[in-house]
Amino acid sequence: MSLDRGPADARNLGPQATGKGPAAGRSLADSMGRHAEPAAALMKALSHPGRLMILCHLADGEKAVQDLEVLTGQRQAAVSQQLARLRMEGMVTARRSGKAIIYALRDAEVMRLLSCLSLLFDRPD
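The sections below set out a description of the structure shown in this document. As the structure is a computational prediction, the values presented were derived from the model and not from experiment.

## Notes on the pairing of strand β2 (residues 92–97)
When β2 meets strand β3 (residues 100–105), the two strands line up antiparallel, connected through six bridges. Directly across from V92, in β3, lies its bridge partner L105. Between the antiparallel neighbours β2 and β3 lie two residues, among them G98 with a positive phi of about 65°.

## A word on helix α7 (residues 76–88)
With 13 residues, α7 should reach 18 Å at 1.5 Å per residue; the first-to-last C-alpha distance of 18 Å fits that figure. For α7, the set of buried residues is V79, Q82, L83 and L86. Viewed end-on, α7 has its buried residues packed into an arc of 100°, placing them on one side of the element. Pointing more than 90 degrees away from the buried face of α7 are the exposed residues Q81 and M88. Those residues of α7 that are buried lie in contact with α5 (49–58), α6 (65–72), β2 and β3. Just downstream of α7, G90 is the residue with a positive phi angle, here 80°.

## A word on the nonpolar core
Counting 16 residues, the largest nonpolar core has I54, L55, L58, L83 and M91 as the members making the most contacts within it. Secondary structure elements with two or more residues in this core: α4 (36–46), α5, α6, α7, β3 and α8 (108–121). Discounting chain neighbours no more than four positions away, the residues touching L83 are I54, V65, L68, V92 and Y103.

## Digging into the side chain of Q82
As for its placement among the helices and strands, Q82 is situated in helix α7. In this structure, Q82 is in contact with H48, R51, I54 and Q74, ignoring residues within four places of it in sequence.

## Quick word on the environment of D67
Within the fold, D67 resides in helix α6. For the pair D67 and I102, spaced 35 residues apart in sequence, the C-alpha separation works out to 9.4 Å.

## What to know about the sheet that holds β2
Taking strand neighbours across the sheet as the criterion, the three strands line up as β1-β3-β2 in an open arrangement whose pairing is antiparallel. Whereas interior strands pair on both sides, the edge strands pair on one side only; in this sheet they are β1 (63–64) and β2. Across the sheet, α5 touches β1, β2 and β3, and the angle it forms with β3 is around 90°.

## Observations concerning the packing of α6 against α7
Where α6 contacts α7, the axes come no closer than 9 Å and their chain directions differ by 110°. Classed by the angle they form, the pair α6 and α7 counts as roughly perpendicular. Note that α6 runs across α7; the crossing there is right-handed. Residue-level contacts link V65, L68, E69 and T72 of α6 to Q76, V79, S80 and L83 of α7.

## Some words on the pattern of salt bridges
Applying the stated criterion to the full structure yields three salt bridges. For R95, the salt bridge identified is with E62, shortest N-O distance 2.4 Å. With R95 in strand β2 and E62 in the loop between α5 and β1, this residue pair connects regions lying 33 residues apart in the sequence. Accessibility expressed as a relative area gives 39% for R95, which makes it partly exposed. Judged by relative accessible area, E62 falls into the partly exposed class, the value being 44%.

What counts and what doesn't
- Note on numbering: residues in each chain are counted from 1, in written sequence order.
- In keeping with the predicted nature of the model, local features appear solely for residues at pLDDT of at least 70, side-chain atom pairs appear and are counted solely at 80 or more, and the whole-chain, interface and lining totals rest on all residues.
- The basis for every side-chain value is the complete set of heavy atoms in the structure, and neither hydrogens nor water enter the calculation.
- A strand pair is defined by DSSP finding two or more bridges across the two strands.
- Helix and strand definitions follow DSSP, with helices as H or I runs of at least four residues and strands as E runs of at least two, each counted in order from the N terminus.
- Helix span, expected: 1.5 Å multiplied by one less than the number of residues in the helix.
- The buried label goes to any residue with under 20% of its type's maximum accessible area, the exposed label to any with over 50%, and the partly exposed label to all in between, with areas taken from a 1.4 Å probe on protein chains only.
- It is the directions from the helix axis to the C-beta atoms that the arc portrays.
- Contacts are assigned to residue pairs that have any heavy atoms within 4.5 Å of one another.
- Nine residue types can take part in a nonpolar core, namely buried Ala, Val, Leu, Ile, Met, Phe, Trp, Tyr and Cys, and a core is a set of them joined through side-chain atoms within 4.5 Å.
- Axes, fitted as lines to C-alpha atoms, cover a helix only where it is in contact. Angles between the N-to-C directions of the axes lie from 0 to 180 degrees.
- When describing relative orientation, an angle under 35 degrees is termed roughly parallel and one over 145 degrees roughly antiparallel, while 65 to 115 degrees is termed roughly perpendicular and anything else oblique.
- Crossing handedness: left-handed means the near helix sits turned counterclockwise from the far one by under a right angle, and right-handed means the same turn made clockwise.
- Salt bridge criterion: a side-chain nitrogen from Lys or Arg within 4 Å of a carboxyl oxygen from Asp or Glu.

Below you can see the structure in the form of structure tokens.
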């Protein structure tokens, strides 16, 4: 799927057109103004395919590192490195269960964003 849309399409697909954007009378830039830094940090954390897929698997429920290795097809070292970054960013939590470390999404905001991404890319062209 290509996200390259012409200017007319961009105007028609804006948040105000769907009624789900910023409050009436406020532009998207006005609404995002004070949230630009944390939003950019969140997008940067999601910008690695391995981290994105780990979060998607955690959206289905908590998982052990070994489960995430199998699900993502990544080596344990790579999964652990990505999980460390996600923990640092505050996107996942970890708990110990015997010898296993179990990871889960930290809050619903990440889940909402993953759902939006899924809707954006999982539609017919």
